[in-house]
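Results of the structural survey
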Amino acid sequence: MNDVKRAMDVYLNGLRNQHAVEMQAVGTIQNEMPRMEPYPDLYAKMKADHERSVTQAARLDDLLEKHGTSKSVVKQAVTGAVATVAGFIHKGAEDEVIKNVLAAIGYKAYEISSYKVLLTLADAAGAGDDKSTLEQSMKEEQEMGDWLGSNLPNLVHAFLERKAA
Ligand SMILES: [Fe+2]
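Computed from a predicted structure; not experimentally measured. (Residues numbered from 1 in each chain as written. Predicted model: local features only at pLDDT ≥ 70, side-chain atom pairs only at ≥ 80, totals over all residues. Heavy atoms only, no water.)

Glancing now at the coordination of the iron ion. Listed as protein donors to the iron ion are Glu22 (OE), Glu22 (OE), Gln56 (OE1), Glu111 (OE) and Glu141 (OE); their distances from the metal cover 2.1 to 2.6 Å. When the donors of the iron ion are listed by position in the chain, the intervening gaps give E-x33-Q-x54-E-x29-E. Residue Glu111 is located in helix H4 (residues 96-124), and its partner Glu141 is located in helix H5 (residues 131-164); the two are separated by 30 residues in the primary sequence. Owing to a relative accessible area of 0%, Glu111 belongs among the buried residues under this scheme. (Donors = N, O, S within 2.8 Å, 3.2 Å for Na, K, Ca; no water. Helix = DSSP H or I, 4+ residues; strand = E, 2+ residues; numbered from the N terminus. Buried < 20%, exposed > 50% of the residue type's maximum accessible area, 1.4 Å probe, protein only.)

Let us look at the layout of surface pockets. One way to see where empty space is left: roll a probe the size of a water molecule over the atoms. The calculated volume of the largest pocket comes to roughly 150 Å³. Around the largest pocket, the lining residues are Arg35, Met36, Pro38, Tyr39, Ala93, Glu94, Asp95, Glu96, Val97, Phe159, Arg162 and Lys163. Among the secondary structure elements, those contributing two or more residues to the lining of the largest pocket are H4 and H5. Class assignment for the residues of the lining of the largest pocket results in six nonpolar, no polar and six charged. (1 Å grid on protein atoms, 1.4 Å probe; cavity = no way out; pocket = protein on both sides within 12 Å on 5 of 7 lines; lining within 4 Å. Points joined across faces, edges and corners; volume = space filled by probe spheres on them. Nonpolar A, V, L, I, M, F, W, Y, C, P; charged D, E, K, R; others polar.)

The subject of this paragraph is the environment of Ala104. Residue position: Ala104 is located in helix H4. Sequence spacing of Ala104 and Met46 is 58 residues, and the spatial spacing of their C-alpha atoms is 9.9 Å.

Before going further, it helps to spend a moment on the nonpolar core. With 18 residues, the main nonpolar core has Met8, Tyr11, Leu15, Leu60, Tyr115, Leu118 and Leu134 as its most contacted residues. Sequence-distant contacts of Leu134, defined by excluding residues within four places in its chain, comprise Tyr11, Leu15, Leu60, Leu63, Tyr115, Leu118, Leu119 and Ala122. By size, the runner-up hydrophobic cluster in this structure holds 14 residues, among which are Met36, Trp147, Leu155 and Phe159. (Core = buried A, V, L, I, M, F, W, Y, C linked by side-chain atoms within 4.5 Å. Contact = heavy atoms within 4.5 Å.)

That's the geometry; what it means functionally is another story.
Below, the structure written as structure tokens:
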């Protein structure tokens, strides 16, 4: 197996893993959203992130198909690292909103880095054409991560206000 072929194998596996990461994000957001309604800004952002994650997963599907990998191979177990930051464990916690946002910031950092890995692998695999698609998704992750980070103080205040009410 030559270097490019080997890199392609790793790259395709990376695309499948990232698809699982996006689907995990979709599931987590879906689960959390009903209880985040008291925080309208966050709720709206989560709704947008949910839609984007569905689109990002579809982009990964398209790339896999382009490289001749069947979609049925896509379903894979989510890695332990991802499960750790998924929000399910925070359900019912009094400060669930804060825990969820912290987890989401971690998740976004993971996703941004994953796309960076995929961009490097795409080059090594001779799939430079894929990069603009991957870059688009990475940019979206960055936007959401930045929004969460910069709005964290506001969300803490909103949480305190609700607690005092
Ligand atoms: Fe995503």
